[in-house]
Amino acid sequence: MKVSIFTAVIVLIVGLYDIAYAYNRRYRNHNHGVTPFMILGIIFTISGLALIIMQWVR
C-alpha cells in the first residue's frame, strides 16, 4: 500500500486533536459525548503511527 508521509501526519494530528478535545470537554458535559471522541482519537492516533511506521519500513 502506497501512503504519503503527508497523509500519515494529518491522520496523526487529527487523532491527537480528538483526544485533546475529549480531554478538555470531559467536565463540561458530565462525560456525555466524550467517549466517541476519545475512541476516534485513539483509533486515528494508532492509525497515524502505523502509517508512519509503514512509510519507514518500506
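To start, this report covers the structure provided alongside it. Nothing here was measured: the structure is a model prediction, and the numbers come from that model.

**Some words on the side chain of D18**
Line of reasoning, step 1. Counting through the fold element by element, D18 comes out in helix 1 (residues 5-25).
Line of reasoning, step 2. Of the buried charged residues, D18 lacks a salt bridge, with R25 as the closest side chain of opposite charge at 9.3 Å.
Line of reasoning, step 3. Excluding residues that lie within four positions of it along the chain, D18 makes contacts with F37, L40, G41 and F44.

**Let's talk about the nonpolar core**
Line of reasoning, step 1. Listed in full, the six residues of the largest apolar core are V3, A8, V11, L12, L51 and I52.
Line of reasoning, step 2. For this core, the elements supplying multiple residues, two or more each, are helix 1 and helix 2 (34-57).
Line of reasoning, step 3. Among the elements that make up this core, the one with the highest residue count is helix 1 (three residues).
Line of reasoning, step 4. Beyond its immediate stretch of four places on either side in the chain, L51 contacts V3, A8 and V11.

**Overview of the packing of helix 1 against helix 2**
Line of reasoning, step 1. Where helix 1 contacts helix 2, the axes come no closer than 7 Å and their chain directions differ by 155°. Relative to helix 2, the element helix 1 lies roughly antiparallel. Crossing hand, helix 1 versus helix 2: left-handed.
Line of reasoning, step 2. Grouping the amino acids of the contact of helix 1 with helix 2 by side-chain chemistry returns 19 nonpolar, six polar and two charged.

Criteria and thresholds
Residues numbered from 1 in each chain as written. Predicted model: local features only at pLDDT ≥ 70, side-chain atom pairs only at ≥ 80, totals over all residues. Heavy atoms only, no water. Helix = DSSP H or I, 4+ residues; strand = E, 2+ residues; numbered from the N terminus. Buried < 20%, exposed > 50% of the residue type's maximum accessible area, 1.4 Å probe, protein only. Lys, Arg positive; Asp, Glu negative; His and termini not counted. Salt bridge = Lys/Arg side-chain N within 4 Å of Asp/Glu carboxyl O. Contact = heavy atoms within 4.5 Å. Core = buried A, V, L, I, M, F, W, Y, C linked by side-chain atoms within 4.5 Å. Axes fitted to C-alpha atoms, helices over the stretch in contact; angles between N-to-C directions. Parallel < 35°, antiparallel > 145°, perpendicular 65-115°, else oblique. Left-handed = near helix turned anticlockwise from the far one by under 90°. Nonpolar A, V, L, I, M, F, W, Y, C, P; charged D, E, K, R; others polar.

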